[in-house]
Amino acid sequence: MVSSMAEGLIYDVKLSSVGPGNAIEPDMVHEPSDMDLAMKLHYLKGIYYFGKQAFEGLTTINIKEPLFILLNDFPVICGRFRRAESGRPYIKCNDCGVRFLEAKCEKTMDEWLEMIKENASLEKYLTPNQIIGPEIAFSPTVLLQYTKFKCGGMSVGLSWAHVLGDAFSAAEFLNLLGKVVAGEKPNRPIKTKSTNSESLLKDMEDPLSVKRAGPVGDNWITVNNSKMEAFSFSVNAAQLSHLQSKISSNATDFSPFEAISAVIWQCVAKIRESEPKVVTICKMMEQNKADGNNQLMSVVKAAYPIVEANPSELAELMKNSAFDQREKIENAIKKDNGVSDLIVYGANLTFVNLEEAKFYEFDYRGEKPVYVSYRVDGVGDEGAVFVLPGPPKNGGMTVMAILPENEVTELKLELKTEWFMD
Amino acid sequence: MPQALPNFSSSVKLKYVKLGYQYLVDHILTFLLIPTMVGISVQIILLGPEEMLKIWRSLDIDLVQILCSSFLIILICTLYFMSKPRSVYLVDYACYKPPITYRVSFSTFMEHSRLNLKDNLKSVDFQMRILERSGLGEETCLPPAIHYIPPTPTMEAARGEAEEVIFSAIDSLMQKTGIKVKDIDILIVNCSLFSPTPSLSAMVVNKYKLRSNIKSYNLSGMGCSAGLISMDLARDLLQAHPNSYALVVSTEIITPNYYKGSERAMLLPNCLFRMGGAAILLSNKSRDKHRAKYRLVHVVRTHKGSDDKAYKCVYEQEDSQGKVGINLSKDLMVIAGEALKSNITTIGPLVLPASEQLLFLITLIGRKIFNPKWKPYIPDFKQAFEHFCIHAGGRAVIDELQKNLQLSSEHVEASRMTLHRFGNTSSSSLWYELSYIEAKGRMKKGDRVWQIAFGSGFKCNSAVWKCNRTIKTPTDGPWQDCIDRYPVHIPEIVKL
């Protein structure tokens, strides 16, 4: 998990597990929905950076205790995957728990935040990187890493298997943890049966938004043709309003997500040999209950060359001409009863709208995070871009782009020169 | 149908015959005394008062003889009361309840096992099979150092565990009994596998600032039966020191003893031993006669160490890779059975009613003289005791004793449920079991309790207590929050 390059940077790593405080009723089982299984090769990685006061004076047991209380309400997270006779995976809620890592960093938090501006891949050392497999029955789906910096600050690294839920559910889990730390009792109804759409649509071919991977067997990660690299940049409030005004066409206002995505779509088209004519858009549903995979998935097809298009036309496409893909994705899974392996993020260039995500509501003993970063592991070769809220005091957005490593430098340059985004 | 009826009526007849026999033999002295008294009274009445006076005068007893006789009687009475052993009372006891953060579920235990022993999957499978049949539940607790992958058993962690377990138990006991720490005259701590310097008893003296003339003892290496050995020692000390309080702490520290190797016979303790501890306050003060919970009646200790097989059956040693662990031999159950027989032979005459002893004697003589093929008579200990606390060493031990002593499932319920909820907590398990019986509201004044513990050596120790006052529910103790869920049915094999 911690490579020799980072040895010394992150050190003193200790592994243990945290489970629910009370025993669960026996024989409880959770059946993931078709949409859940479509996302099983993706892993959400979130890092919340906290200042010194949040964790001051706390021992490891103090940090673990609220988790024991919280996990009583999350039997699904504490369970482990098994395969039914048909081969369809399900979760046995057996109280196994989440993996808990403790680590130390030899840099102060400010030094670290400077370092990741240049090299966002370093953040992978702050989250645990274990995938589900090769033994799915003994692989935790959620892992937490608490890294203490030299200055006393702490980062909370979350590794969340996307099969459990989208980024909104992951955020909800940690926000509830904050509430338990404050002494409130989480009151969450336990849902064990996910709802699936009804019938199998006749003989459809795979939707544009997915790509068949593998078969990966019990090693739930996709193999990329080129090594993927993450880089992130922030767009502060001033830059954002400037961008939005530049892109807005007559009487149509575009949201920050649409504006930023349109810009990046064009930049990527410029640096790639074959333009990405089809992109996937993921965004939050209106009635988001933050439990499970409830994002709206759609594709946008451009009929003309992207490079010469006006970004506002692209933004317009994204806003109004997206074709909903949810049912088709679920169908693709239903066809062989959940045994097949698909990827969604990275099947085409994917843009994920996490604007509304409540990342900054994770309150630990009265302290909010100074910075939150989210990325996804297991993104396909076409790449993915995530638009998250930035730190509230800046008012802007944070953009995390995961692309093949040879495209990263060019894209950075393109963004800097064309759009003054650093 | 007709065939069943004669059997039924003959068995009923047999039952009444047996009851009648028991009543007769148990109260034989009463039955002999009453006719004699009646006979004498009748004789006296027939003689009349004048005749009585004439007989008295003819005896010609003068004042000196009367005085000497009375002095003799007073002397004999005084000698008798002085040489009578002091009664030892158990004022109260407290068991350690681990916090939820130490909980280990089966699945977590197995997953960690798999990660720790990743080169030895056969041993991992073996552990899984043990766990499935162990009789443990999903709420047993291990200390924090053992939760790490791999476990980090440092001396500091072991001391930390010892402090937490022992101090919580003692604090809880002090609160329950209301005594002050400066009143403690005798301190005995027993912990088999962790014996630091300064000793754990010195640790207690230091923490609670006990008196400088305290009589402190630290028993280590004596296995799971050390709890009753401490009771025995406390009892003997309380005979030598009048008007004293003795604090006994029984525990087992898990941290330093987690076996890190993969030898199968040595993996068993990892699966069964869990955190636990108890603190017990004993007293010989007359003012505790009324508030004490129990009175100690007998302690019987049996040591089979002179037999080599018994000596080696629970043996701490290094495995082929130099990792230290406790090796449990395959004849453990057989040896335990023999040790139990020895213990029963000694304790039987002390506790069994006369009817059972007579039957046993007759069968014994019969087997020796007449016919060795006669079935040996197993005395019915259910007549001597209302409650049984069998050390929760493992499911096999409880099953074996239930069979040997012909106990019903209600009698062994306390042991089985303690094994399920707390695991094998070694010397303190007897106290969790006693606490279970109290929490269920089954302990009434006059009830007799038999605590049996087995331990390395090989030893079998028993203690007999008599309940001094009915214990009211709800009790505060380790079962407070979960007693309503018990008893649970423990399946033969739990599917993991």
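Thresholds, definitions, all that
Residues numbered from 1 in each chain as written. Chains lettered and ligands numbered in written order. Predicted model: local features only at pLDDT ≥ 70, side-chain atom pairs only at ≥ 80, totals over all residues. Heavy atoms only, no water. UniProt positions renumbered as here; feature names shortened; annotations may be inferred. Helix = DSSP H or I, 4+ residues; strand = E, 2+ residues; numbered from the N terminus. pLDDT = per-residue confidence, 0-100. Buried < 20%, exposed > 50% of the residue type's maximum accessible area, 1.4 Å probe, protein only. Polar contact = N/O pair within 3.5 Å; in protein donor to acceptor, adjacent residues only side chain to side chain. Contact = heavy atoms within 4.5 Å. Domains from an automatic or database assignment. Buried area = accessible area lost by both parts, 1.4 Å probe. Salt bridge = Lys/Arg side-chain N within 4 Å of Asp/Glu carboxyl O. Nonpolar A, V, L, I, M, F, W, Y, C, P; charged D, E, K, R; others polar. Pairing = 2+ DSSP bridges. Axes fitted to C-alpha atoms, helices over the stretch in contact; angles between N-to-C directions. Expected span 1.5 Å × (residues − 1).

The name an unreviewed UniProt entry assigns to chain B is 3-ketoacyl-CoA synthase, from the organism Fraxinus pennsylvanica. The Catalytic activity (unreviewed entry) field of the UniProt record for chain B holds the comment "a very-long-chain acyl-CoA + malonyl-CoA + H(+) = a very-long-chain 3-oxoacyl-CoA + CO2 + CoA". Quoted verbatim from the Sequence similarities (unreviewed entry) heading of the UniProt record, the comment on chain B is "Belongs to the thiolase-like superfamily. Chalcone/stilbene synthases family."

As recorded in an unreviewed UniProt entry, chain A goes by the name Protein ECERIFERUM 26-like, listed as coming from Fraxinus pennsylvanica. Regarding chain A, the UniProt comment filed under Sequence similarities (unreviewed entry) reads as follows: "Belongs to the plant acyltransferase family."

Asker: So what's going on with the UniProt feature "transmembrane region" (unreviewed entry) in chain B? Which residues, and what values?
Answerer: The sites that carry the UniProt feature "transmembrane region" (unreviewed entry) are, in the present numbering, residues 28-49 and 61-82 of chain B. The span residues 61-82 of chain B carries 91% helix and 0% strand; its end-to-end C-alpha distance comes to 30 Å.

Asker: Tell me about the confidence of the model for chain B, and please be specific about residues and values.
Answerer: Here chain B averages 91 in pLDDT, while 98% of its residues score no lower than 70. Model confidence for the complex is summarised by a pTM of 0.90, with the ipTM given as 0.89.

Asker: Please give an account of the side chain of S283 of chain B that cites residues and values.
Answerer: Residues and elements named next belong to chain B. Locating S283 in the fold gives a position in strand β5 (residues 276-283). Using a relative accessible area of 0% as the deciding quantity, one classes S283 as buried. From its side chain, S283 meets the backbone nitrogen of K285 in a polar contact 3.0 Å long. Polar contacts involving the side chain of S283 include one to the side chain of D288, which spans 2.6 Å. Each residue touching S283, except ones within four places of it in the same chain, is listed here: S87, V88, Y89, V91, L238, S244, Y245 and D288.

Asker: Please give an account of the domain arrangement of chain A that cites residues and values.
Answerer: All names here are of chain A. By domain assignment, chain A separates into domain 1 (4-181) and domain 2 (211-418). For domain 1 versus domain 2, the distance between C-alpha centres works out to 23 Å. Taken together, the 64 residues of domain 1 in the interface contact 61 residues of domain 2. Between domain 1 and domain 2, the buried area comes to about 5300 Å², and carbon and sulfur atoms account for 59% of it. Taken as a group, M35, L41 and F168 account for 16% of the area that domain 1 buries against domain 2, more than any other trio of residues on that side. Where domain 1 packs against domain 2, one counts four salt bridges. Among the ionic pairs, D377 bridges to K45, the shortest N-O distance being 3.6 Å. Of all elements in the fold, only α1 (34-38), β3 (43-50), α2 (60-70), β4 (80-83), α3 (109-118), β8 (154-161) and α4 (167-181) reach the threshold of two or more residues within the side of domain 1 that touches domain 2. Considering every element that reaches the side of domain 1 that touches domain 2, the biggest residue donor is α4, with eleven residues. Its residues assigned to classes, the side of domain 1 that touches domain 2 shows 37 nonpolar, 15 polar and twelve charged.

Asker: Account for helix α7 (residues 311-320) of chain A, with residues named and values stated.
Answerer: Of the residues making up α7 of chain A, those classed as buried are P311, S312, L314, A315, L317 and M318 of chain A. On its buried face, α7 of chain A sits against α5 (237-247), α6 (256-271), β11 (278-283), β12 (296-301), β15 (349-353) and α9 (405-419) of chain A.

Asker: Describe unusual backbone geometry, and please don't skip the residues or the numbers.
Answerer: Cis geometry is adopted by the peptide bond preceding P134 of chain A, which originates at G133 of chain A and carries an omega value of -5°. Summarising the element assignment, P134 of chain A is placed in the loop between α3 and β7 (142-148). Going from T197 of chain B to P198 of chain B, the amide bond is cis rather than trans, its omega being -5°. Along the chain, P198 of chain B turns up in the loop between β2 (186-191) and α8 (200-208).

Asker: Describe the sheet that holds β3 of chain A, with residues and values.
Answerer: Residue and element names in this part refer to chain A. What the six strands build is an open sheet, ordered β1-β6-β7-β8-β3-β16; its pairing is mixed. The sheet is open, and its two edges are formed by β1 (10-18) and β16 (371-377), each paired on a single side. Here the strands of the sheet are splayed against their neighbours by 15° on average, with no regard to which way each runs. As defined by bridge partners, β3 adjoins β8 across eight bridges and the pair is classed as antiparallel. When the bridges of β8 are listed, K45 appears paired with S159. Running at roughly 150° to strand β6 (residues 98-105), α2 makes contact with β1, β6, β7 and β8 of the sheet. Contacts from α3 reach β1, β3, β6, β8 and β16 within the one sheet, and its direction differs from that of β3 by about 140°.

Asker: Could you give an account of the interface of chain B and chain A, with specific residues and numbers?
Answerer: Counting residues at the interface gives 19 residues for chain B and 27 residues for chain A. Both sides of the chain B and chain A interface together cover about 1800 Å² of buried area, and 55% of this is carbon and sulfur. A per-residue breakdown of the area chain B buries against chain A is headed by R103, E111 and Y148 of chain B, which together make up 33% of the total. Looking at the side of chain B that touches chain A residue by residue, the class counts come to seven nonpolar, six polar and six charged.

Asker: Break down α4 of chain A for me, citing the residues and quoting the values.
Answerer: Residues and elements named next belong to chain A. For α4, with 15 residues, the first-to-last C-alpha span of 21 Å sits near the 21 Å given by 1.5 Å per residue. Across the 15 residues that make up α4, a large majority, twelve, are buried. Restricting attention to buried positions, one finds in α4 the residues A167, F168, S169, A170, A171, F173, L174, N175, L176, L177, G178 and V180. Where α4 is buried, its residues contact β3, α2, β7, β8, β15 and β16.

Asker: How would you summarise the pattern of salt bridges if you had to cite specific residues and measurements?
Answerer: Note on pairing: side chains with opposite charge can pair once their charged atoms come close. Residues and elements named next belong to chain A. Following the criterion strictly, the structure yields 36 salt bridges over all chains and no others. Residue E382 is joined to R272 by a salt bridge in which the shortest nitrogen-to-oxygen separation is 3.0 Å. Residue E382 is found in the loop between β16 and β17 (384-389), and its partner R272 is found in the loop between α6 and β11; the two are separated by 110 residues along the sequence. What makes E382 partly exposed here is its relative accessible area of 32%. Judged by its relative accessible area of 12%, R272 is buried. Look at the salt bridges and you will find they share partners, linking D34, R88 and K334 into a network.

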